[in-house]
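Okay, here's what each chain looks like letter by letter:
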Amino acid sequence: MSSIKPLIRQLAKPFFFLLLFIMICAFLARYLTGEETLLEYAQNNPELAYGTQDAVDSEENAIEKNVTEPVNSTVSETTSPSSDDKNSVDQRTSEDTSSVTQDTPSAYDDDNSGESAEENQTMSEHPERTTYKEGFYYEPLTDEVKERITGISYPESGCTVPYEDLAYVGLLYFDFDGEEQTGELICNQAVAQDMVEIFYELYQNDYRIERVRLVDEYAGDDTASMADNNTSCFNYRVVDGTTNLSKHAYGLAIDVNPYYNPYVVYNKNGDGSTYISPPGSEVYADRSQSFPYKIDENDLCYRLFTEHGFTWGGNWNSTKDYQHFQKKLD
């Protein structure tokens, strides 16, 4: 027993200094950092300290409120600009759209038509224009059109068809590459409505036509126009190989994809020979063969023209004009 007391006295002094050190550290931790102790936190927040559900819900709501309110504020500020800012944006958008409209070529530009397309765009619109559908219209000949055709498809003298009987037709079509193009025809006023209705249906059905230009671009040469597979209508000329005026001279006939649907005359010279025009299209005179762009009684082009009262040259007897549709006036 006597040996224990000296040991206790020996340990008491270090224990006292350790306890004093702990108290000093606690004092510094509280007053220097400003944090409350766990005991004080438990006394001030008994619900949280002892895990009640109300306290947990209250804490979660507080957290949710602190998180969502700033986000909503940010979104509102981002997506709801002031009226001045909105007007500024609308103005810039309008200016940008206007710029694109001015700089972008029209969808109706014909890349294959060369100078004629440019002339076509600059021609003044006739006050008596009749628009069937967007891109499909007809109108009396303007002075610009008369200037283009006079002395070519329209003779300077001796023409028995007055300008007033003719109409200029603007239309759209899909070429052999499937590209949308602008076409133009001159036809008789009596069939102008037929033309826009028929070509609109062909366009709607993606019917392919290689080109639709005035024959004047071929110096009025019908053979050259056919050889280029050009679809055309008015041309004051006689029937090939005769002295009789063609229905084309009155603007009452049209040739469609003529290279693939040639003009064939059997026994032309009485010697059993066959005349086929244009040159180079002889292989397409054999209508028993199947090939693209062939017009026959199953073809949409045939059905549309005949429904509008046109007759087809492919039904003639000694002569077959597979490209040709014409209409007789009452």
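As a convention, each chain's residues are numbered from 1 in the sequence order in which they are written. Selection of residues for local features in this predicted model requires a pLDDT of at least 70, selection of side-chain atom pairs for listing and counting requires 80 or more, and totals for whole chains, interfaces and linings are taken over all residues. Only hydrogens and water are set aside; all other atoms, that is, all heavy atoms of the structure, feed into the side-chain values.

1. Examining the nonpolar core
Leu-185, Met-195, Phe-199, Leu-202, Ile-254, Phe-305 and Phe-325 are the most contacted members of the largest nonpolar core, which totals 39 residues. Only DSSP runs of H or I covering at least 4 residues are called helices, and only runs of E covering at least 2 are called strands; the numbering of each starts at the N terminus. Taken together, the elements giving at least two residues each to this core come down to strand E2 (136-140), strand E3 (166-174), strand E4 (180-188), helix H8 (192-204) and helix H10 (300-307). Only heavy atoms matter for contacts: two residues are in contact if any of them lie within 4.5 Å across the pair. Apart from the residues within four sequence positions on either side, Phe-305 is in contact with Met-195, Ile-198, Phe-199, Ile-254, Val-256, Phe-310 and Phe-325. Joining through side-chain atoms within 4.5 Å is the link that ties buried Ala, Val, Leu, Ile, Met, Phe, Trp, Tyr and Cys residues into a set, and such a set is a nonpolar core. Think of it in three bands: residues with accessible area under 20% of the maximum for their type are buried, residues over 50% are exposed, and the middle band is partly exposed, with areas taken using a 1.4 Å probe on protein chains only. If you look at the next biggest cluster of nonpolar residues, it comprises 14 residues, including Leu-141, Val-145, Ile-186 and Phe-234.

2. Considerations on unusual backbone geometry
Cis rather than trans, the peptide bond between Ser-277 and Pro-278 has omega equal to 10°. For Pro-278, the location among the structural elements is in the loop between strand E9 (274-277) and H10. For Asp-206, which is not a glycine, the phi torsion comes out positive at approximately 60°. Turning to its location among the elements, Asp-206 is positioned in the loop between H8 and strand E5 (211-212). Despite not being glycine, Ala-219 has its phi angle at roughly 60°, a positive value. You can see Ala-219 is positioned in the loop between E5 and helix H9 (222-227).

3. Let's talk about empty space enclosed by the protein
Method remark: on a 1 Å grid restricted to protein atoms, a set of points is classed as a cavity if a 1.4 Å probe fits but cannot get out and as a pocket if it is open with protein on both sides within 12 Å along at least five of seven lines; lining residues have an atom within 4 Å of a point. Grid points are joined across faces, edges and corners, and a volume is the space filled by probe spheres set on the points. Taken as a whole and assessed by the stated rule, the structure comprises 2 cavities of 30 Å³ or more. By volume, the second largest cavity amounts to about 40 Å³. In this structure, the second largest cavity is lined by Ser-153, Leu-185, Ile-186, Leu-214, Val-215, Asp-216, Cys-233 and Phe-234. The nonpolar class holds Ala, Val, Leu, Ile, Met, Phe, Trp, Tyr, Cys and Pro. Asp, Glu, Lys and Arg form the charged class, and all remaining residues, Gly among them, are polar. Here the lining of the second largest cavity is composed, by residue class, of 6 nonpolar, 1 polar and 1 charged.

4. Quick notes on the environment of Asn-230
With respect to the helices and strands, Asn-230 occurs in strand E6 (residues 230-231). We classify Asn-230 as buried; its relative accessible area is 1%. Taking C-alpha positions, Asn-230 is 8.4 Å from Ile-209, a pair spaced 21 residues apart along the chain. The contacts of Asn-230, once residues within four sequence positions are left out, are Arg-211, Val-212, Arg-213, Leu-214, Tyr-218, Ser-225, Asp-255 and Pro-258.

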